[in-house]
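Summary of the model geometry
Spelled out, the chains give:
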Amino acid sequence: TGKKRTAEGGGDVRLSGIGKTYGSFTAVHPLDLTVPEGSFFALLGASGCGKTTTLRMIAGLEEPSCGSVWLGDHDVTNLPPYKRPVNTVFQSYALFPHLDIFENVAFGLRRRGVKSVKKQVEDMLELVQLGEQARKKPHQLSGGQQQRVAVARALINHPKVLLLDEPLGALDLKLRRQMQLELKRIQTEVGITFIHVTHDQEEAMTMADTVAVMNGGRVEQLGSPTDLYENPRTTFVANFLGTSNLIEAEVDSKSGGDIVLKGGDGKLVLPEARCSAPATTGGKVLVGVRPEKITLTHADDAGEIPVGRNRITGKIAATSFIGVSTQYVIDSSVCPEFEVYVQNIDRDTRLVPGADVVLHWNPAHTFGLDAAQD
Ligand code: ATP
């Protein structure tokens with residue numbers, strides 16, 4: 001136990017110009033993507049964006065209309081699924097109901113004629129922390145436990161890549177959160193590449209090293225969870241991963257690596273390096289700031305706000321208590337539904353609906369997007 005089981009390298013998964021059309025409908029536009037060996041990679045997007053189709057092309061369950069799939073130095077595009085060193089875990093666990101857990105996990109080994117399966121199955125059950133459940137039938141396990149059996153059953157074949165298609169979709173929220181951490185632990189322990197499909201941004205952010213955000217059959221942005229959250233490059237990514245508070249502002253001037261914009265109370269400052277839009281003087285950009293980066297101050301205390309902060313004035317429209325923090329919705333002339341989260345320990349009792357407030361934040365926490373994009 002605790003020993004890292006390192007698979008011999010399968011190499012990176014590389015999609016080269018791979019695409020899928022159904023008649024005149026394009027489900028996946030030709031895309032190039034490299035999933036580094038040993039990483040936990042998530043394909044994230046809303047229903048219908050093409051993530052499952054992409055995963056199925058990697059598995060060999062869907063024939064691409066163009067392009068190729070590579071595993072390390074091997075072009076696997078024309079290999080049938082069972083000849084690829086890849087296994088898939090689906091949302092419906094598809095366990096054999098009449099077999100006990102041990103036999104469910106042993107299934108792949110027995111089919112390949114492996115004689116002594118005991119040690120391997122036991123090790124695998126230990127990896128997914130089901131050692132005690134070996135002799136139970138699937139219906140005697142919880143949903144989360146059944147999902148772990150499905151993972152063990154896939155991993156026992158020593159795939160180089162494990163594909164997970166919304167594997168936690170059938171679980172309730174609490175169990176889902178537990179299983180996210182559990183899958184992450186298993187991936188770290190086995191050290192092989194996991195490619196995980198989900199529509200749940202929090203799930204992708206919790207588990208993955210790298211996330212590809214898909215929209216309309218294209219990858220909109222690829223990056224680490226923090227990078228995507230802090231430096232979204234499109235409004236879709238900014239809005240899909242959390243709340244973005246976008247303000248349209250006009251470029252006034254540039255100085256010392258900063259873009260100065262007309263907006264808010266006089267001016268807003270945006271570091272040039274955090275702007276993905278071409279920012280020409282007189283042009284418009286969308287300035288975004290995440291709700292938890294903002295400080296909310298009652299208008300009576302506005303004089304105490306340090307200089308150099310981006311500022312916006314407004315009025316509290318609504319508040320809602322969400323446990324560790326309170327969410328405030330602010331009406332302001334530049335952004336009609338500005339959201340701010342304030343930790344409950346810092347809550348000011350004057351911050352009630354109707355109160356005049358000033359929102360302010362460090363310009364470094366600002367990102368800039370192209371105002372002209374769709
Ligand atoms: P979901 O989370 O709902 O599964 P997804 O992002 O995984 O969505 P895909 O299943 O990859 O999306 O489907 C992408 C698009 O391709 C969808 O609009 C879907 O309707 C379409 N599509 C998928 N399979 C077929 C098919 N066999 N024939 C025609 N259209 C298809």
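All residue numbers here refer to positions counted from 1 along the written sequence of the relevant chain. Predicted model: local features are reported for residues with pLDDT of at least 70 only, side-chain atom pairs are reported and counted for 80 or more only, and whole-chain, interface and lining totals are derived from all residues.

Going by what an unreviewed UniProt entry lists, the protein chain is known as Spermidine/putrescine import ATP-binding protein PotA and is assigned to Streptomyces phaeolivaceus. UniProt positions are given in the numbering used here, feature names are shortened, and annotations may be inferred rather than shown by experiment. Taken directly from UniProt, the Sequence similarities (unreviewed entry) text for the protein chain runs: "Belongs to the ABC transporter superfamily. Spermidine/putrescine importer (TC 3.A.1.11.1) family." Per UniProt, the protein chain has the following entry under Function (unreviewed entry): "Part of the ABC transporter complex PotABCD involved in spermidine/putrescine import. Responsible for energy coupling to the transport system."

We now examine the environment of Val105. For helices the rule is a DSSP run of H or I covering at least 4 residues; for strands it is a run of E covering at least 2, with both sets numbered from the N terminus onward. Turning to its location among the elements, Val105 is positioned in helix α2 (residues 101-111). By the C-beta count within 10 Å, which is 28 here, Val105 ends up buried. For the pair Val105 and Ala154, spaced 49 residues apart in sequence, the C-alpha separation works out to 8.0 Å. For Val105, the residues in contact, after removing those within four places along its chain, are Val121, Met124, Leu125, Val149, Ala152, Arg153 and Ile156. Buried residues are those with 20 or more other C-beta atoms within 10 Å of their own C-beta, exposed residues have 12 or fewer, and partly exposed residues lie in between; C-beta atoms are placed from the backbone. For every residue pair, C-beta atoms are placed from the backbone, and the pair is scored as a contact if these atoms sit within 7 Å.

What follows concerns helix α5 (residues 173-190). Along its 18 residues, α5 runs 26 Å from first to last C-alpha, staying within 8% of the 26 Å computed at 1.5 Å per residue. The complete set of buried residues in α5 reads Arg176, Met179, Gln180, Leu183, Ile186, Gln187 and Val190. Taken around the axis of α5, the buried residues stretch over an arc of 135°, which confines them to a single face. More than 90 degrees from the buried face of α5, the exposed residues found are Lys174, Leu181 and Thr188. Close packing links the buried residues of α5 with β3 (40-44), α3 (118-127), α4 (143-155), β8 (193-198) and α6 (201-207). Multiplying one less than the number of residues by 1.5 Å gives the expected span of a helix. Picture the helix axis, draw a direction to every C-beta atom, and the arc is the one those directions span.

In the numbering adopted here, UniProt assigns the feature "domain: ABC transporter" (unreviewed entry) to residues 13-241. End-to-end, the C-alpha atoms of residues 13-241 are 25 Å apart, and along that stretch the chain is 35% helix and 27% strand.

Below, the discussion takes up the confidence of the model for the protein chain. Confidence scores labelled pLDDT are given residue by residue by the predictor and lie between 0 and 100. Here the protein chain shows a mean pLDDT of 90. Residues at 70 or above account for 97%. Long-range and interchain partners of residues 1-7, a stretch whose pLDDT sits below 50, account for 12 contacts in this model, where long-range means more than four residues apart. As scored by the predictor, the complex reaches a pTM of 0.88 and an ipTM of 0.92.

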